[in-house]
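Per-entry structural report
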Protein chains: 2
Amino acid sequence: MQPDTTDKQILNLIQQNAHLTIKEIAGKINLSVTPVHERIRKLEREGFIEKYVGLLNRRKLGKSLVVYCNVTLDKQRKESFEDFNQAIGEMEEVLECSVVSGNFDYMLKVIVEDGEAYNQFYQHKLSALKSVLHISSYFVISEIKYSTAISVG
Amino acid sequence: MQPDTTDKQILNLIQQNAHLTIKEIAGKINLSVTPVHERIRKLEREGFIEKYVGLLNRRKLGKSLVVYCNVTLDKQRKESFEDFNQAIGEMEEVLECSVVSGNFDYMLKVIVEDGEAYNQFYQHKLSALKSVLHISSYFVISEIKYSTAISVG
DNA sequence: GTTGAAACCGGTTGTCT
DNA sequence: AGACAACCGGTTTCAAC
């Protein structure tokens, strides 16, 4: 079942602020608490809402450096992809990893303390993987925008 | 003030699941509710926890295509950066945007319905910006990992 | 989908150690 | 700083419309 307009309003509110009370949501969309409560449970049950998370300030926690990496694998090797995917899944420094089209194979987003920490990660973890052929690193100098909210029209 | 070990345990739990009750958190770290409650309020007040959000399933909502873009600006133009930053901030398709080191200027993460929607975005929004000199697009074929949780050691 | 009521449970606060 | 207990408010379920 696809969400109707009311469901989409609720989804938009929840992906902005998961601490809104049902009362507050109901007020914003001019409904009473009962249907809002039912709709949220349904959206959770059917998987439109995957999870609720707290977003932390990485700088205050000492994670000042974000790096995007382009990784190319050695295609000659058997099961390169499975090995790589598994290893990446276990690396806490890697927040995002996707297979992409184009000149290289993977796009990664890595978060670490600083340049030295990235050097450690690069040398001892990422380039240490046998399936990795080439890596290009792009250091984030300034974060213009970061959002987890997709546009729900 | 930097978070101590107990604070870090709380932060790790909250960035995994913002719907844990204080009781549940207290149980997991062998404390009673009072100190857990106080610590969370402090972590919020001091900005270690920035916000609480619901994460949606983009595929179920019809947003099947993720594209990473490398954008180069025309440096000759005055105020290219300010113009570009402002325009990007208003584009709902762009979830992440950072200034990066290297061959190009910006790394973007864009989420849209499908190839046709990306084409519309590319032609009428992104490349329509006067400050943009060059764009390279990398389509996500498979998402291996996506997390909002930074490692809090 | 709305209202109202009731039970329940988590958040919140004060007090004591 | 943590434990305990009491209070308050939101959540959840139900019935009736």
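Residue indices follow the written sequence of each chain, beginning from 1 at its first position. Starting at A for chains and at 1 for ligands, labels are handed out in the order in which the entities are written. This being a predicted model, a pLDDT of at least 70 is required before a residue's local features are given, and a value of 80 or more before pairs of side-chain atoms are given or counted; all residues contribute to the totals for chains, interfaces and linings. Only heavy atoms go into the side-chain values, all of them from the structure, while hydrogens and water stay out.

Looking up chain A in an unreviewed UniProt entry gives the name Leucine-responsive regulatory protein, with the organism given as Dyadobacter helix.

Now for the protein's contact with DNA strand C. If you check the shell around DNA strand C, you find A:Leu31, A:Ser32, A:Thr34, A:Pro35, A:Arg39, B:Thr21, B:Ile22, B:Lys23, B:Thr34, B:His37 and B:Arg41 and nothing else. Proximity is defined per residue: if any heavy atom of the residue lies within 4 Å of a molecule or strand, that residue is considered near it. Protein-proximal atoms of DNA strand C, defined as those within 4 Å of the protein, fall in sugar or phosphate at a share of 79%. We define a polar contact as two N or O atoms separated by no more than 3.5 Å, with the added condition that, inside protein, one atom must be a possible hydrogen donor and the other a possible acceptor, whereas residues neighbouring each other in sequence contribute only through side-chain atom pairs. Within the side chain of A:Ser32, an N or O atom sits 3.1 Å from a phosphate oxygen of DNA strand C. A distance of 2.9 Å is found between a phosphate oxygen of DNA strand C and a side-chain nitrogen or oxygen belonging to B:His37. Helix and strand definitions follow DSSP, with helices as H or I runs of at least four residues and strands as E runs of at least two, each counted in order from the N terminus. Mapped by element, the contributors of at least two residues to the surface near DNA strand C are helix H3 (33–45) of chain A together with helix H2 (22–28) and helix H3 (33–45) of chain B.

Residues and elements named next belong to chain B. Lines fitted to C-alpha atoms define the axes, with helix axes restricted to the stretch in contact, and inter-axis angles between N-to-C directions lie between 0 and 180 degrees. Remark: helix H1 (residues 5–16) packs on H3, axes separated minimally by 10 Å, with the N-to-C direction vectors making an angle of 75°. When the interaxial angle is binned, H1 and H3 end up roughly perpendicular. For the pair H1 and H3, contact is made by Thr6, Asp7, Ile10, Leu11 and Ile14 and by Val36, Arg39, Ile40, Lys42 and Leu43, respectively. By residue class, the composition of the contact of H1 with H3 is six nonpolar, one polar and three charged. Put simply, angles under 35 degrees are roughly parallel, angles over 145 are roughly antiparallel, angles from 65 to 115 are roughly perpendicular, and the rest are oblique. Here, two residues are considered to be in contact whenever any of their heavy atoms come within 4.5 Å of each other. Any residue that is not Ala, Val, Leu, Ile, Met, Phe, Trp, Tyr, Cys, Pro, Asp, Glu, Lys or Arg is counted as polar, Gly included; the first ten are nonpolar and the last four charged.

What follows deals with the relation of the copies chain A and chain B. Each of the two chain copies goes to the other by way of a rotation about an axis and a shift along it. The superposition of copies rests on a least-squares fit of C-alpha positions from residues with pLDDT of 70 or more in both. Superposing chain A onto chain B requires a rotation of 180° together with a translation of 0.0 Å along the rotation axis, leaving an RMSD of 0.0 Å. Accordingly, the operation relating the two chain copies is best matched by a two-fold axis. Within chain A, the C-alpha atom positioned nearest to the axis of rotation is that of A:Val53, 2.8 Å from it.

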